[in-house]
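# Descriptive analysis of the structure
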Amino acid sequence: MQTRPRTPLAAVSAALCTSLCAAGVLAAAAPVTSAAPRPPASAPAPLDYVALGDSFAAAPLVSPADPSNLLCVRSLADYPHVAAKALGARLTDVSCSAATAGDLSKPQHPGTRPQYEALNTGTDVVSITIGGNDTGLVAAALDCVNLLPEPVGSSCAARNTAGGSDKVKDGIDAWAPQFGTVLAEIRRRSPHADVFVIGYGNYIRPGGCFPVQPLWADDATYLQGAVNHLGAVLRDAAHDHGATFVDTYRLGIGHDACAAPADRHTEGFVPTDDAAPLHPNGKGAEAVGEALAAAVRATR
């Protein structure tokens, strides 16, 4: 049988096929190697966060309650818990309603350890709100209540400023060095921690809103002025001791006790939400916690 001579194209195709097939055999025979997989990057350790303070921090009667210490009337939705969740931090919340600066170093209730004992050299973040009970602000607020309009009753602003001095502000100023001692003790126990001092915020707008809240106009302005004065003392002490002051006053504008119930962050003398009188409700605790978390992120 006579065979046809190959055309140049057929010859090239045959040669190419032979080369590719040989390469395939060699590739199949060669050992398969690949780059070793990289181990996953380890996640940073969560921040070790300790929350100290009084009822402004503990958010009493805000649901859900913290069952670990019922005597402290602390909420699991208080601002420390809100901040810890936002930061992914490991929280030790020892804030306790009615606490004073003295309760930081001694048991406030049977079975309640001193708040300072939660601190250690590994603590990364500390928050604290304290001073409202030490300086008598709660008693001053109650002393300002007038259920009837002027002039039936008496003005707390007039009583406290009679004689040219201000009893409430003088008491705050007298307490100020004690707060400096508190911050120094926090620094001694947790020398590497970032410390955040949280202000008491905005309770009632200038001129008040009588009779929605039972304070005459001048007394409402006076009472918030006293809260602001305590805030200034806390801010100055924070600055002097290398801490960060978180000012919560602006957070409360439009959300004070005079606002419509649905808009309030701070409850009035008769709460309309789950909260103690004259304390942050759940929305207020959330706003403060978010502000604290933002302040922590800004320092790290």
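Please refer to the structure placed before this passage.
This report concerns the structure included in the present document. Note that the structure is a prediction, hence the values are computed from the model and not measured.

## Brief notes about the pattern of salt bridges
Here the structure, examined in full by the defined rule, presents 10 salt bridges. Its salt-bridge partner being R189, residue E185 comes within 2.7 Å of it at the nearest N-O pair. Taken as a pair, E185 and R189 lie in helix α6 (residues 167–189) at a separation of four residues, close to a single helical turn. Put simply, D236 and R235 hold a salt bridge, and the shortest N to O gap is 3.8 Å. Judged by relative accessible area, which is 39%, R235 ranks as partly exposed. Where salt bridges share partners, they join E185, R188 and R189 into one cluster.

## Re the packing of helix α3 (residues 79–87) against helix α8 (residues 282–299)
At a minimum axis distance of 7 Å, the contact between α3 and α8 shows a crossing angle of 45 degrees. Here α3 lies oblique to α8, going by the angle between them. Both α3 and α8 take part in a crossing whose hand is right-handed. Contact residues: α3 offers Y79, V82, A83, A86 and L87, while α8 offers A285, E286, V288, G289, E290, L292, A293, V296 and R297.

## Details of the state of the cysteines
Applying the stated rule across the entire model yields three disulfides. Each sulfur in the disulfide pair C72 and C96 lies 1.9 Å from the other. On the sign convention where negative is left-handed, the bridge of C72 and C96, at about -90 degrees about the S-S bond, is left-handed. Here C96 lies in the loop between β2 (90–93) and β3 (125–129) and C72 lies in the loop between α2 (55–58) and α3, a separation of 24 residues in the sequence. Residue C72 is classed as buried on the basis of its relative accessible area, which comes to 1%. Under the relative-accessibility criterion, C96 is labelled buried at 1%. A disulfide bridge connects C209 with C258, and the sulfur atoms are separated by 2.1 Å. The sign of the -85 degrees torsion about the S-S bond sets the C209-C258 disulfide as left-handed.

## Digging into the packing of α6 against helix α7 (residues 217–240)
Helix-helix packing: each pair is described by the crossing angle between the helix axes and the interaxial distance. Contact geometry of α6 with α7 gives a least axis separation of 9 Å together with a crossing angle of 25 degrees. With respect to their mutual orientation, α6 and α7 come out roughly parallel. For the pair α6 and α7, the crossing hand works out as right-handed. Residue-level inspection shows V168, K169, I172, D173, W175, A176, F179 and L183 of α6 in contact with α7, the latter providing Y222, G225, A226, H229, L230, V233, L234, A237 and A238.

## Some details on the side chain of E267
By secondary structure assignment, the location of E267 is in the loop between β5 (244–246) and α8. It turns out E267 is buried and unbridged, and the closest side chain with the opposite charge, R264, is 4.2 Å from it. Non-local contacts of E267, meaning those with residues more than four positions away in its chain, are made with A257, T272, D273, A275, A276, P277, L278, H279 and N281.

## Quick notes on unusual backbone geometry
Cis geometry is adopted by the peptide bond preceding P151, which originates at E150 and carries an omega value of 5 degrees. Take P151: it is sitting in the loop between α4 (137–143) and α5 (156–160). Cis geometry is found at the peptide bond from F210 to P211, where omega equals 5 degrees. Here P211 lies in the loop between β4 (194–198) and α7. For A98, which is not glycine, the phi torsion reads 75 degrees and is therefore positive. By the secondary structure assignment, A98 is in the loop between β2 and β3.

Rules of the game
Residues numbered from 1 in each chain as written. Predicted model: local features only at pLDDT ≥ 70, side-chain atom pairs only at ≥ 80, totals over all residues. Heavy atoms only, no water. Salt bridge = Lys/Arg side-chain N within 4 Å of Asp/Glu carboxyl O. Helix = DSSP H or I, 4+ residues; strand = E, 2+ residues; numbered from the N terminus. Buried < 20%, exposed > 50% of the residue type's maximum accessible area, 1.4 Å probe, protein only. Axes fitted to C-alpha atoms, helices over the stretch in contact; angles between N-to-C directions. Parallel < 35°, antiparallel > 145°, perpendicular 65-115°, else oblique. Left-handed = near helix turned anticlockwise from the far one by under 90°. Contact = heavy atoms within 4.5 Å. Disulfide = S-S within 2.5 Å. Lys, Arg positive; Asp, Glu negative; His and termini not counted.

On their own, these measurements won't tell you what the molecule is for.
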